[in-house]
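Chain by chain, the residues:
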Protein chains: 2
Amino acid sequence: MADSDTPLTRPHSGLLVDLYELTMGESYVAEEIAEREATFSLFFRTLPESWGYALAAGLEDALRYLEDLRFAEEELAYLERTGLFGATFLDRLRSFRFSGRVRAVPEGTAVFPNEPLLEVTAPLVEAQLVETMVLNEIHLQTLVASKAARSVEAAGGRLLVDFSLRRTHGGEAGSKVSRASYVAGFDSTSNVLAGRLYGIPIAGTMAHSYVESFPSELEAFRAFARSYPDNAILLVDTYDTLEGTRRAVTVARELAETGHRLRGVRLDSGDLVELSRGVRAILDEAGLEDALVFASGGLDEHEIADLLGAGAQIGGFGVGTKMGVSADAPFLDMAYKLVDLEGRPVLKLSAGKATLPGAKQVWRVRRDGVAAHDLLGLDDGHGDGEPLLREVMRDGRSVWSEPLTTIRERARRERESLPEAVRALDGAPYDVRVDPGLEGLRERLAAGAR
Amino acid sequence: MADSDTPLTRPHSGLLVDLYELTMGESYVAEEIAEREATFSLFFRTLPESWGYALAAGLEDALRYLEDLRFAEEELAYLERTGLFGATFLDRLRSFRFSGRVRAVPEGTAVFPNEPLLEVTAPLVEAQLVETMVLNEIHLQTLVASKAARSVEAAGGRLLVDFSLRRTHGGEAGSKVSRASYVAGFDSTSNVLAGRLYGIPIAGTMAHSYVESFPSELEAFRAFARSYPDNAILLVDTYDTLEGTRRAVTVARELAETGHRLRGVRLDSGDLVELSRGVRAILDEAGLEDALVFASGGLDEHEIADLLGAGAQIGGFGVGTKMGVSADAPFLDMAYKLVDLEGRPVLKLSAGKATLPGAKQVWRVRRDGVAAHDLLGLDDGHGDGEPLLREVMRDGRSVWSEPLTTIRERARRERESLPEAVRALDGAPYDVRVDPGLEGLRERLAAGAR
């Protein structure tokens, strides 16, 4: 059901870039070093507090960006009007096609601080220019997939629906949040476009405005059941949650008389522990044991864990804003750093931001199916375990494509193969070791840095 | 220089909507209440901790969404395949044009909890359908303009540049962040597309990768100065900040010999208080009193205030991720609620989320140029002070358009007309009064609610 010819997935404008990528490009061209082969490494330095791991995501969109990046004549005309660029560089942009190689960790893979999620090897001017949006694409979906995985962990198999679209940071973010949360294990999304673009199941209930648009709550419930006799989740908290639930039971009985059944009820406010128990009891007494008690309203993994820990009787959660903007950790400290120039490994020493030099590989060592440790080393030979970075683009053409279901299944396996302590909401650090060869190189370079 | 024909500003897909807007629409049409006139009110319930006010923004994009919203045949075909919709409703979508009226607070206006930023009056099916994206558009830019205004407050007139694009939640968010931060008083942005779309000045320096791409830091600085002899801000922290500054002085002297001058240096790591003082001293001793000391790296209003309070010698700030994702307050508790249906005011009573009924107006009462209090009342007559909501769309056509510079100037005046305590980073609450007529209506309706 996925369908990817809609506007959301068209390439971004070539101008969607930090100005300095272009002014550095002007200088690289002027100094005749623009075509030297450079490798940049994309990684995050730390995980948000209490996160034991992240799930890599966003690669498909990053590769599409690289394949589609072009500069239109009117964009070049704008750049010329800025007065910052000469004809030689603008001609380089006019014929711009990303021509490089990309190695990356497949989407859905668990990743840890300082491990490259992606490495770009290309002429310096190209590899530099793509920094802004490759970072942007990988950052957003990795952030959200990782945040959403925590709700999956907390919900313990209960239904999870992405409700975030109204407060994500733009509509583009909304659809990418739907994709990333589905990768992480969410069951469905309220975002209809994401349903069409990515083939994600779509779901929804009703708003308070719907209930208020009828002369009474009962009439509203009956009207909705007429349109959706097998698929109605009735919102019961507009006036009084327990009264609303009794009205839902009335409608469920009327549905049963015509061979249909009430799907469930939704709570969106109040003390969800107490109310869900009261609602569950009313439904059960009416013989509606299979009707879903669905909850929403300011939820993320913390509230889900607290609710379930306190004995809430909830079978499904609508998780919105706090997941969609990753509210308690709205960004990762993700960077894209030059690590090699024409075979010369490079590093920076900036306080607190020192980098590891050279193109790299990450080997994941598993014991009895459980990830034991990772080894972060140079991409120059063999380590033990499974190498995580694979070639995904060659000569500017993607050689990597996976169905979203494959990525989602990988994410599930990856989560399940992590040590329990790392998976937990209060996640423990995972053991990432730096190969002695890489560490030695770093020390030699640091000693000789200009 | 603004130029708005690029893809970013094309309308979102009609499918970018929460599913329930559509299933409710199916039912409204089936029940023959779809064309009843409804008014929805958009507001936020609370401000983030320590925020005294918000700046309204995003109206231009919300109006464009309303004007451009259409359903393409392939989108209708997708909806049909879901099995959730009948031919009558799909036909209603096929000819969909938003036909309603919108009243709104102009962008750049200071706004407070429970005050409508926007009210939509339209046939119920239309006013309901646009909920998701009208909220999304107003939410993002109001959030970011409000967050960015705090950096403007903290920086006390120093240069502020938006550096957020690489970690905003998507490229669309990146450009809207540039716009919103410019509205709030930022001077420029690194986002080149935002420069083209909105006519915002663009700015940038250089990356560590640039410095590392040359045999030495000095050679890198000389190369950049060759391309940008009057516009070079040299990044001095790649290896050692004070040594880097001395090399920048060398380049400044060489520039001076040919009649040019060094624009400044950038610090991006380390103890910015100590380093900025050391850097400033080196520059001043070399007679470069007018060279800018520019700082970046994890900054927002809190760090800016701390740095300046501790005596940092910094003349400009690059403010990135923490502003661009509004890191300590990444969402507002913003809602879009039905308040009137065919002249009948409505409300919901949900615990903690009760609404005020009826179409509204906000009157701002000023004394000696300072905002004294607001009065929130029904849109049925006259209050004292300046009415904030104005008609911006009639019969589905925008009747409102302002240059971005006008909005930015309004934001400046609005900030300056707030009481000092409300403007402060630790902002005090502002006095918003509910008109007795509105409060009485709410009480009568609550007593009679079904």
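Reading the values: the criteria
Residues numbered from 1 in each chain as written. Chains lettered and ligands numbered in written order. Predicted model: local features only at pLDDT ≥ 70, side-chain atom pairs only at ≥ 80, totals over all residues. Helix = DSSP H or I, 4+ residues; strand = E, 2+ residues; numbered from the N terminus. Buried ≥ 20, exposed ≤ 12 C-beta atoms within 10 Å, placed from the backbone. Contact = placed C-beta atoms within 7 Å. Least-squares fit on C-alpha atoms with pLDDT ≥ 70 in both. Axes fitted to C-alpha atoms, helices over the stretch in contact; angles between N-to-C directions. Parallel < 35°, antiparallel > 145°, perpendicular 65-115°, else oblique. Left-handed = near helix turned anticlockwise from the far one by under 90°. Nonpolar A, V, L, I, M, F, W, Y, C, P; charged D, E, K, R; others polar. Pairing = 2+ DSSP bridges. Domains from an automatic or database assignment.

Visitor: Could you clarify how one ought to interpret the overall build of chain A in this entry?
Guide: Helix and strand counts for chain A stand at 17 helices and 19 strands. Out of the 450 residues in chain A, the part that is buried amounts to 56%. When contacts within chain A are restricted to residue pairs at least 6 apart in sequence, those whose partners lie at least 24 apart make up 73%.

Visitor: Whenever I open this one, the relation of the copies chain B and chain A confuses me. Can you help?
Guide: Between the two copies of the chain lies a relationship made up of a rotation around an axis and a movement along it. Between the two copies, chain B and chain A, the superposition gives an RMSD of 0.0 Å; the rotation angle is 180° and the shift along the axis is 0.0 Å. This pairing of chains is accounted for by a two-fold axis. Minimal C-alpha distance to the rotation axis in chain B is attained by B:His169, lying at 2.9 Å. A shared interface surface links the copies, since 100% of the contact residues of chain B are contact residues in chain A too.

Visitor: Explanation requested: the packing of helix H6 (residues 131-155) of chain A against helix H7 (residues 171-184) of chain A in the structure shown.
Guide: For any two helices packed against each other, the geometry is given by the interaxial angle and the distance between the axes. Residue and element names in this part refer to chain A. Two numbers describe how H6 lies on H7: the axes approach to 8 Å, and their chain directions differ by 50°. Taken together, the axis directions place H6 and H7 in an arrangement best described as oblique. Seen from above, H6 lies across H7 with right-handed handedness. Mapping the contact onto sequence places Leu140, Gln141, Val144, Ala145, Ala148, Ala149 and Val152 in H6 and Ala173, Lys176, Val177, Arg179, Ala180, Ser181, Val183 and Ala184 in H7. A per-class count over the contact of H6 with H7 returns 11 nonpolar, two polar and two charged.

Visitor: Would you mind going over the sheet that holds strand E8 (residues 233-235) of chain B with me for this structure?
Guide: Think of a sheet as strands paired side by side through backbone hydrogen bonds, with each pair either parallel or antiparallel. Residue and element names in this part refer to chain B. With parallel pairing, six strands are arranged side by side in an open sheet as E7-E6-E11-E10-E9-E8. Pairing within the sheet leaves two strands with one partner each, and these edge strands are strand E7 (188-189) and E8. Across four bridges, strand E6 (residues 159-162) lies against strand E11 (residues 316-319) in parallel orientation. Residue pairing across strands places Leu160 opposite Phe317, the latter belonging to E11.

Visitor: Looking at this structure, how should I read the interface of chain B and chain A?
Guide: At the interface, 89 residues of chain B touch 89 residues of chain A. In terms of residue count, helix H1 (residues 19-30) of chain B provides more of the side of chain B that touches chain A than any other element does, eight residues in total. When the residues that make up the side of chain B that touches chain A are grouped by side-chain class, the tally is 40 nonpolar, 30 polar and 19 charged.

Visitor: Help me understand unusual backbone geometry in this model?
Guide: Trans is the common state for peptide bonds, and a negative phi is the common state for residues other than glycine. In the Ramachandran plot, A:Glu342 falls in the positive-phi region, its phi being about 50° despite a non-glycine side chain. Inspection of the secondary structure puts A:Glu342 in the loop between strand E12 (334-341) and strand E13 (344-345).

Visitor: Just to check I follow, could you spell out the sheet that holds strand E12 (residues 334-341) of chain B for this structure?
Guide: All names here are of chain B. With respect to topology, seven strands assemble into an open sheet ordered E13-E12-E1-E5-E3-E17-E18, the strand pairing being antiparallel. In the strand order of this sheet, the two ends are held by strand E13 (344-345) and strand E18 (397-398), each with one partner. Of the pairings in the sheet, the one linking strand E1 (residues 37-44) to E12 comprises seven bridges and is antiparallel in character. Following the sheet pairing, Thr39 is matched in E12 by Asp340. Helix H6 (residues 131-155) contacts E1, strand E5 (118-123) and E12 of the sheet and is inclined by roughly 135° relative to E12.

Visitor: Looking at this structure, I do not really get the domain arrangement of chain A. What am I missing?
Guide: Residues and elements named next belong to chain A. By domain assignment, chain A separates into domain 1 (9-142 + 342-447) and domain 2 (145-324). Placing a centre on the C-alpha atoms of domain 1 and another on those of domain 2 gives a separation of 38 Å. Each partner contributes to the interface: domain 1 provides 18 residues, whereas domain 2 provides 19 residues. Looking at the side of domain 1 that touches domain 2, the elements that each hand over two or more residues are strand E2 (54-55), H6 and helix H15 (404-416). It is H15 that contributes the most residues to the side of domain 1 that touches domain 2, six residues altogether. Taken together, the residues of the side of domain 1 that touches domain 2 sort by class into nine nonpolar, four polar and five charged.

Visitor: How should the pairing of strand E5 (residues 118-123) of chain A be read in this particular structure?
Guide: All names here are of chain A. Bridge count between strand E1 (residues 37-44) and E5: six bridges; the pairing is antiparallel. Paired with Ser41 across the strands is Glu119, a residue of E5. Note: strand E3 (residues 101-104) against E5, four bridges, orientation antiparallel. When the sheet's bridge partners are listed, Arg101 is paired in E5 with Thr121.

Visitor: In this structure, what is going on with the packing of helix H11 (residues 241-257) of chain A against helix H12 (residues 272-285) of chain A? I would like to understand it.
Guide: All names here are of chain A. Between H11 and H12, the least distance of the axes is 10 Å, while the angle of their chain directions is 25°. Classified by the angle their axes make, H11 and H12 are roughly parallel. The crossing of H11 and H12 is right-handed. Along its contact with H11, which presents Thr241, Leu242, Thr245, Arg246 and Val249, the element H12 presents Leu275, Gly278, Val279, Ile282 and Leu283. Here the residues of the contact of H11 with H12 sort into six nonpolar, three polar and one charged.

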